[in-house]
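# Remarks on the overall topology
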Amino acid sequence: MSENKKNIAILGSTGSIGTQALDVIRANPDSFVVEVLTGNGNADLLIKQAIEFNPNSVVIADESKYAYVKEALQSYDIKVFAGNKAIAEIVQMDSVNMVLAAIVGYAGLESTISAIKAGKQIALANKETLVVAGDLVTNLAKEKGVNLYPVDSEHSAIFQCLAGEFHNPIEKIYLTASGGPFRGKDKNFLATVKKEQALKHPNWEMGAKITIDSASLMNKGLEVIEAKWLFNLKPEQIDVIVHPQSIVHSLVQFTDGSMKAQMGLPDMKLPIQYALGYPNRMKSDFPRFSFFNYPQLTFEQVDTKTFRNLALAFEAMNKGGNSPCILNAANEIAVNAFLKDKIGFLEMSDVVEKCLQTVSFIAKPSYDDYVETDLATRQFANELI
Ligand code: NAD
Ligand code: MG
C-alpha cells in the first residue's frame, strides 16, 4: 500500500458510475490505486478493467461467470472471486482505504454495511442503501467513525455548500431536478410512453434503472430520503425545485436566510472526483461552464400530481420505519417490469402505492426486518404484475 495514495475498491465498476470513476482514477494515477473491482453481468468489461488497472482482486457477482473470468485472468497476479458474499468480504481487506459503492439498487446494501463495519471510508453512489436502511447505516457509520461522501450530484452539491459550515444549522435544502424527458407532460401522455422514450434523459447518461427513475421522478424521491439521512434533516426541511438545465446542482439555505448553491456542467465525473479526492479539489480538464451557452437558468414547481412517485416517496419518508424500504423494493420490481414492457409507465406508481398500503409496517426495523421487508415486497409486487 502506498503512503500518499488512496486504495480504492470500486463496487459496480462496470456501470455508469464505475466506469466514470475509473476515468477519474486513470487521470490521477498519483492519487489512487485500484484494489478491488466488481461487476455483475458484463464479465468482458470487468476483465478488461482488471487487465488495465491490475487490482489485488476482482469479484464477479454472477457466479455462473466465475470460470470465464478466472480463466481470462489466469496469467495475471489478480485474485478472482464470485458472488455477493465475496463482495461483502473483500471490502474489509486491510489494504482498502475507501469503497466506492456504485452497485445499483438494494443489491448494494450488504457490501456497503460490511465496508462501514470494517471502518472503510465510503464514497456513496448507491442511494438505495440510505433509502432502505438510512437509520441503521448512518448510525453504524457514526459508531465506526466512517464518513459517507456523497457521489449523487445533488448531495455532492449540498456537501460542497456545507464545507466550512458544518457548525451552522441548515434551515432548508433545495434539491434540483431536471424534470426528466417528460417534464410538462400530462397523465394521458404518460400512459402511452414506452421505455425507449423514458430511457432518453435530456442531460445525463446513466444506468437504465436510474434513468427510468429520473423520468418518473422516483429518483428525486429516493434522493429526498437520501438527503434526510446524509444531512440529518427533518422532512419539512427538504424541498424539490425543477431546474431543466441541470447547472445548479442543489442549494442550502442557512438560518440567516442566506443561500449557497453549487454549479457546474452536468458531468458525474465532478462529484465522483470530489468524493474520491476529499478534502482536496484535484485539477481536471473537464469542459468548463460558459454563461453564454446558458443565458437563462430557469426554475419551476414540481408536478407531484402527475408524477405521483415523488409524492409517494415523501409519504414513505414521513411514515418512516420500513416504508422507504417497501417503496424501494416495489419500485425496483416495477422499473424492471416496465423495462420488459410488462407494465405501463403510470402503473409503476400503482405498484408502489399498493405495496406501501399492503406490506406490513414495522416502526423500528432491524437489519433482518429490512431483508424480510424487501423480500415480501418483491413477492407482492410480482403478484401485482
Ligand atoms: P449501472 O446499471 O450502470 O451499473 C450498476 C453496476 O452494479 C454494474 O457494475 C453492475 O454490474 C453492478 N450490479 C448490478 N446488479 C448487481 C448485483 N445484483 N450484484 C452486484 N453487482 C450488481 O448503474 P449506475 O447508473 O452506475 O448507478 C449505480 C448507482 O449509482 C445507483 O444506485 C444509482 O442510483 C447511483 N447514481 C448513479 C448516477 C449516474 O449518473 N449513473 C448518478 C447518481 C447516482
Ligand atoms: Mg442525483
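For the structure, check the block above.
Residues numbered from 1 in each chain as written. Chains lettered and ligands numbered in written order. Predicted model: local features only at pLDDT ≥ 70, side-chain atom pairs only at ≥ 80, totals over all residues. Heavy atoms only, no water.

## A look at the overall build of the chain
Within the chain one finds 16 helices and 11 strands. For 385 residues, the compact-globule formula gives about 21 Å, and the C-alpha radius of gyration of the chain, at 20 Å, lands near that figure. For the chain, the proportion of its 385 residues judged to be buried stands at 54%. Taken as a whole, the chain presents about 17,200 Å² of accessible surface, with 49% of it coming from carbon and sulfur. (Helix = DSSP H or I, 4+ residues; strand = E, 2+ residues; numbered from the N terminus. Rg over C-alpha atoms; globule rule 2.2 N^0.38 Å. Buried < 20%, exposed > 50% of the residue type's maximum accessible area, 1.4 Å probe, protein only. Areas by Shrake-Rupley, 256 points an atom, 1.4 Å probe, with all protein chains shown as cover.)

## Thoughts on the pattern of salt bridges
One pass over the structure, following the stated rule, counts 19 salt bridges. Note that Lys220 and Glu154 form a salt bridge whose closest N and O atoms lie 2.8 Å from each other. Residue Lys220 is located in helix 11 (residues 218-230), and its partner Glu154 is located in helix 7 (residues 153-162); the two are separated by 66 residues in the primary sequence. Neither Lys220 nor Glu154 differs from the other in exposure class; each is buried. Ionic pairing is found between Glu300 and Arg183, a salt bridge with its closest N-O pair at 2.7 Å. Taken together, the residues Glu300 in the loop between helix 12 (269-277) and helix 13 (308-319) and Arg183 in the loop between strand 8 (170-177) and helix 8 (187-190) connect sequence positions 117 residues apart. (Salt bridge = Lys/Arg side-chain N within 4 Å of Asp/Glu carboxyl O.)

## Points about the packing of helix 1 (residues 16-27) against helix 12
Look at helix 1 against helix 12: their axes get within 9 Å of each other, and the N-to-C directions meet at 65 degrees. Relative to helix 12, helix 1 is oriented so that their crossing is right-handed. Residues Ile17, Gln20, Ala21, Asp23, Val24 and Ile25 of helix 1 lie in contact with helix 12, whose contacting residues are Lys269, Ile272, Gln273 and Leu276. The residue inventory of the contact of helix 1 with helix 12, partitioned by class, reads 6 nonpolar, 2 polar and 2 charged. (Axes fitted to C-alpha atoms, helices over the stretch in contact; angles between N-to-C directions. Left-handed = near helix turned anticlockwise from the far one by under 90°. Contact = heavy atoms within 4.5 Å. Nonpolar A, V, L, I, M, F, W, Y, C, P; charged D, E, K, R; others polar.)

## Re the nonpolar core
Counting 118 residues, the largest nonpolar core has Leu148, Val151, Ile173, Phe231, Leu276, Leu327 and Phe345 as its most contacted members. It is helix 14 (residues 323-339) that contributes the most residues to this core, 9 residues altogether. In contact with Leu148, not counting residues within four places along its chain, are Ile116, Ile122, Leu130, Val137, Thr138, Ala141 and Leu230. (Core = buried A, V, L, I, M, F, W, Y, C linked by side-chain atoms within 4.5 Å.)

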